[in-house]
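The residues making up each chain are set out below.
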Amino acid sequence: MGLTKQYLRYVASAVFGLIGSQKGNIVFVTLRGEKGRYVAVPACEHVFIWDLRKGEKILILQGLKQEVTCLCPSPDGLHLAVGYEDGSIRIFSLLSGEGNVTFNGHKAAITSLKYDQLGGRLASGSKDTDTIVWDVINESGLYRLKGHKDAITQALFLREKNLLVTSGKDTMVKWWDLDTQHCFKTMVGHRTEVWGLVLVSEDKRLITGASDSELRAWDIAYLQEVEDIEEPEPKKSRASSPGIQDTHEPEEGTPETDETPEDRILTCRKAGSIMREGRDRVVNLAVDRTGRILACHGTDSVLEVFCVLSKAEVQKKMDKKMKKARKKAKLNSSKGEEEDLEVNVEMTLQDEIQRVTNIKTSAKIKSFDLIHSPQGELKAVFLLQNNLVESYSLHPSAPAPQPVRTSRITIGGHRSDVRTLSFSSDNIAVLSAAADSVKIWNRATLQCIRTMTCEYALCSFFVPGDRQVVIGTKTGKLQLYDLASGNLLETIDAHDGALWSLSLSPDQRGFVTGGADKSVKFWDFELVKDENSTQKRLSVKQTRTLQLDEDVLCVSYSPNQKLLAVSLLDCTVKIFYVDTLKFFLSLYGHKLPVICMDISYDGALIATGSADRNVKIWGLDFGDCHKSLFAHDDSVMYLRFVPKSHLFFTAGKDHKIKQWDADKFEHIQTLEGHHQEIWCLAVSPSGDYVVSSSHDKSLRLWERTREPLILEEEREMQREAEYEESVAKEDQPVVPGETQGDNYFTGKKTIETVKAAERIMEAVELYREETAKRKEHKAICKAAGKEVPLPVNPILMAYGNISPSAYVLEIFKGIKSSELEESLLVLPFSYVPDILKLFNEFIQLGSDIELLCRCLFFLLRIHFGQITSNQMLVPVIEKLKETTISKVSQVRDVIGFNMAGLEYLKRECEAKSEVMFFADATSQLEEKKRKRKKREKLILTYT
């Protein structure tokens, strides 16, 4: 067997050129004790933290593969919950940037994340129509709430009550009692999807946004509270929220006060509507932390801001109205002496929720976040559709509030998709060009060094010497830029249609262009002198034209500059001699046009990539097709050979980059990372770096490592990854829409839970073997009449020579809290008796009571029938009952003692701080007196 050919692995190095991606939402985060300065934005699979003041990226929360779809900061500001496309949730620490907690329970993308007021629980809503409540402290799922028939759009905890309210695309708003985990009320007053949901006025009012231009307000009355107050009916209705008028006719389809006994928790009645200016659907509806500012936006670039007035402010307003009405009534009444005029002023919803102003951003809004400072300033930050973050400030209390743009983050990315990429000859600079700008990046630091405005760019290269760049545009122009000054040196009308392709000549004296006007043009560099300047500058002049019968899509010189390959719209590639422009070969075989091609460094091979998803490798001597490879699941967009080799990269609309060997026709590796179609890529002259651009607005840098890549191993890894994916999908029914037994557990079977279950099984088997060995060893010692050395298991040795039972406990401790239930669910029953016996030992020793009780109760729940019917296990369960009750009460006592101690310390601290406060106040007063005396003395001396 010959030596296997070794390749070197390329790995993902960095993501840049992206400010924020569209799928998730932007949020303010607290870092270094500062609020309103830092924002977290989704960036494909990562989360970037930007400093608004400096416009710098200061932290990256590293994701795995899936795109981020939802962000939510914890109330204490120390953590950030991140929801992903595959339904997983990770909680990152903002101090360390690490994601230690992972929750797997949803089957589809996360659409909503909300913490409760203390930050102990997290509610997640998903496209799979379920809502799950997670215990953040214990890192486990509490319960799954099923009921919606379409994706969840929002889930909110109430502050005082243990209730949750959710809205969905199924037009429903549901109220859940979290004590009993059931839905006790469904509001059906909406005709269309409910896109947004907020609670204001101390949870006494609910505001919903749907697909029309009104925000509906609902008054919430908690029935326990209403019943407590001994008041006559009419008085009660007047004293309760002023928006509820008995004269108000319930809107068709809205529920009236529920009479059924199980609904005696709260009533929800429509209080009216606030009209938005936008005619389209509500995309986001949010309220700031204080609940005073309400804002929403549609599919356009306008954010509408409203102010929710407090009771005192509303009363003031009503008094003013009353005064006005009395005055008017006085004037209208014919007799001036009548004093007691009956004046009735109706309070409307508009009196309680007041429109403040509109904030107009520079592009369509994708998401926003608000922060209302104690000084009364409102900060709003926006993630826009065109890869941009803007922040505005506003004083809502001012007479005519005007929003002021305070900052925008723009340098770090293009406004539209990057269509062309190039490397400089020294591998250091990377050029990227889009519909409106050209940017030069430093490859090592990933910083943008230059930004120059251009027309819609399609192709580009660095001029030899790396001091100028040439861009080919959609309008057929050539644009020549000077990098030192960032100036546009010259614009030349090269083609009548789009200029699709450029190829630098190997002698570096000129280049060739191909365009949609069916011509190929040859250009030479030259130095020209402008009239007003003494120095010469670079320019280009056209030397020859080759006219063809079809649009030219791609051109490429052979390395010896003898041949020119031209790809045409008729699906063929024509090869011409450069010197005479005579026809040499035609390469035909593709079913759709050839979009990209490249010639190898030695001129022996040409590889062509087409919209028919195939790559063909041809010999350039006779034009024979060596091999046709089915390369991608969609069009092949770009193809480049690695310098000094016969390996080449292809990029496809299927979000993948693949590396191929053109000699052995082997697929070497796939670089996955982009989440949308890939438009182009560039390979550095050294072959060490590849940079790619995609419709997800990100640029990705891939780096060649020194790690060898063996094809057989690569295929094996691929198969393993496929198996792991299939494990997670095993539970899904074969027939779509067919439901299996309802899953009320919050977890989901993943490869991690399967591995955890396997670890438990291995530990129990090792425990069985070791106990059997130890029994044998005792018998041998007894027979021999002396102590015989016991052979120690190397695994137990590695754990510090512990007993087999302690090893089982170590394995249980090692399982992630969020995966514990799901891994016990996978465990076969044959292991349960041994585990229960071990649990009895551990609990008697008093170690890890909480963990063991959690496992024990879960096993009893899922194997109840088998355990109770097994006579052997009755004594074990009896013993467990005794030990568990006594040990749990011990733990409870300890916790009670600790709580009392903490309460005492808290009181002590408060008392101390009060004393300090008074001391500070007196010292400040003394200081003021001293200053006043000084000033008086000065005045006296002057006079």
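Definitions and limits used
- Residues numbered from 1 in each chain as written.
- Predicted model: local features only at pLDDT ≥ 70, side-chain atom pairs only at ≥ 80, totals over all residues.
- Heavy atoms only, no water.
- UniProt positions renumbered as here; feature names shortened; annotations may be inferred.
- Domains from an automatic or database assignment.
- Contact = heavy atoms within 4.5 Å.
- Buried area = accessible area lost by both parts, 1.4 Å probe.
- Salt bridge = Lys/Arg side-chain N within 4 Å of Asp/Glu carboxyl O.
- Polar contact = N/O pair within 3.5 Å; in protein donor to acceptor, adjacent residues only side chain to side chain.
- Nonpolar A, V, L, I, M, F, W, Y, C, P; charged D, E, K, R; others polar.
- Patch = residues over 30% accessible without salt bridge, like charges linked within 9 Å, V, L, I, M, F, W, Y side chains within 5 Å.
- Areas by Shrake-Rupley, 256 points an atom, 1.4 Å probe, with all protein chains shown as cover.
- Helix = DSSP H or I, 4+ residues; strand = E, 2+ residues; numbered from the N terminus.
- Buried < 20%, exposed > 50% of the residue type's maximum accessible area, 1.4 Å probe, protein only.
- Phe/Tyr/Trp six-rings, centres within 6.5 Å; stacked < 30°, edge-to-face > 60°.
- Lys, Arg positive; Asp, Glu negative; His and termini not counted.
- Charge placed at Lys NZ, Arg CZ, Asp CG, Glu CD.
- pLDDT = per-residue confidence, 0-100.
- Pairing = 2+ DSSP bridges.
- Axes fitted to C-alpha atoms, helices over the stretch in contact; angles between N-to-C directions.

Going by what an unreviewed UniProt entry lists, the protein chain is known as WD repeat-containing protein 3 and is assigned to Ailuropoda melanoleuca. Under Subcellular location (unreviewed entry), UniProt gives the following word-for-word description of the protein chain: "Nucleus, Nucleolus".

On to the domain arrangement of the protein chain, then. Split by domain assignment, the protein chain resolves into domain 1 (24–154) and domain 2 (751–891). Of the residues lining the interface, 5 residues belong to domain 1; the matching set on domain 2 comes to 4 residues. For the pair domain 1 and domain 2, the summed buried surface comes to about 440 Å²; carbon and sulfur atoms form 33% of the total. It is Thr102, Asn138 and Glu139 in domain 1 that bury the most area against domain 2; as a group they hold 59% of the surface buried on that side. For the pair domain 1 and domain 2, the number of links is 0 salt bridges. Between domain 1 and domain 2 we count 4 residue pairs in polar contact (both at pLDDT 80 or more) in total. By residue class, the composition of the side of domain 1 that touches domain 2 is 1 nonpolar, 3 polar and 1 charged.

Next up on the list: a nonpolar patch on the surface. Among the surface-exposed residues, Leu902, Tyr904 and Leu905 lie close enough to one another that they form a single nonpolar patch of about 330 Å² accessible area. Its location among the elements puts tyrosine 904 in helix α13 (residues 873–942). Note on tyrosine 904: relative accessible area 46%, which makes it partly exposed.

Scanning all chains against the criterion turns up 14 aromatic pairs. Consider the rings of phenylalanine 382 and tyrosine 392, whose centres lie 5.6 Å apart with planes at 80°: the pair is edge-to-face. Here tyrosine 392 lies in strand β28 (residues 388–394) and phenylalanine 382 lies in strand β27 (residues 378–384), a separation of 10 residues in the sequence. Considered together, phenylalanine 382 and tyrosine 392 belong to a single accessibility category, that of buried residues.

This next bit is on a positive patch on the surface. On the surface, Lys928, Lys929, Lys931, Arg932, Lys933, Lys934, Arg935 and Lys937 cluster together into a positively charged patch. Among the secondary structure elements, lysine 928 is positioned in helix α13.

Residues of the protein chain with pLDDT of at least 70 account for 92%, and the chain-wide mean is 88. Long-range and interchain partners of residues 226–259, a stretch whose pLDDT sits below 50, account for 42 contacts in this model, where long-range means more than four residues apart. Confidence over residues 733–739 falls short of pLDDT 50; this stretch has 2 contacts with residues more than four positions distant or in other chains.

The strands making up a sheet associate through hydrogen bonds between their backbones, and the pairing can be parallel or antiparallel. Spatial ordering of the open sheet is given by β30-β31-β32-β33, a layout of 4 strands whose pairing is antiparallel. Every other strand in the sheet has two partners, leaving β30 (420–423) and β33 (448–453) as the edge strands with one partner each. This sheet shows a mean twist of 15° between the axes of neighbouring strands, independent of strand direction. Summarising the sheet, strand β32 (residues 437–442) and β33 pair through 5 bridges and their orientation is antiparallel. Counterpart to tryptophan 441 in the pairing with β33 is cysteine 448.

Okay, the UniProt feature "domain: Small-subunit processome Utp12" (unreviewed entry) in the protein chain next. Per the UniProt entry, the sites bearing "domain: Small-subunit processome Utp12" (unreviewed entry) are residues 805–907 in this numbering. Helix makes up 83% of residues 805–907 and strand makes up 0%, while its end C-alpha atoms are separated by 45 Å.

We now examine unusual backbone geometry. Non-glycine residue asparagine 387 carries a positive phi angle of around 60°. With respect to the helices, strands and loops of the structure, asparagine 387 is situated in the loop between β27 and β28. Judged by relative accessible area, which is 0%, asparagine 387 ranks as buried. The phi dihedral of aspartate 466 is positive, around 60°, even though this residue is not glycine. Assignment of secondary structure puts aspartate 466 in the loop between β34 (457–462) and β35 (468–473).

Our next topic: the sheet that holds strand β3 (residues 34–43). Across the sheet, which stays open at both edges, the 4 strands sit in the order β2-β3-β4-β5 with antiparallel pairing between neighbours. Only two strands of the sheet have a single partner each, and these edge strands are β2 (27–31) and β5 (56–61). Strand after strand, the sheet turns through a mean of 40° between neighbouring axes, direction not considered. Of the pairings in the sheet, the one linking strand β4 (residues 46–51) to β5 comprises 5 bridges and is antiparallel in character. Across the sheet, isoleucine 49 pairs through a bridge with leucine 59, a residue of β5.

Along strand β47 (residues 605–610), 6 of the 6 residues are buried, which leaves the element largely enclosed by surrounding structure. Here strand β46 (residues 594–599) pairs with β47 via 5 bridges, running antiparallel. Directly across from cysteine 596, in β47, lies its bridge partner glycine 609. Between β46 and β47, which follow one another and run antiparallel, lie 5 residues, and glycine 603 among them has a positive phi close to 75°. Bridge count for β47 against strand β48 (residues 614–619) is 5 bridges, and the pairing is antiparallel. Along β48, the bridge assignment pairs leucine 605 with glycine 619.

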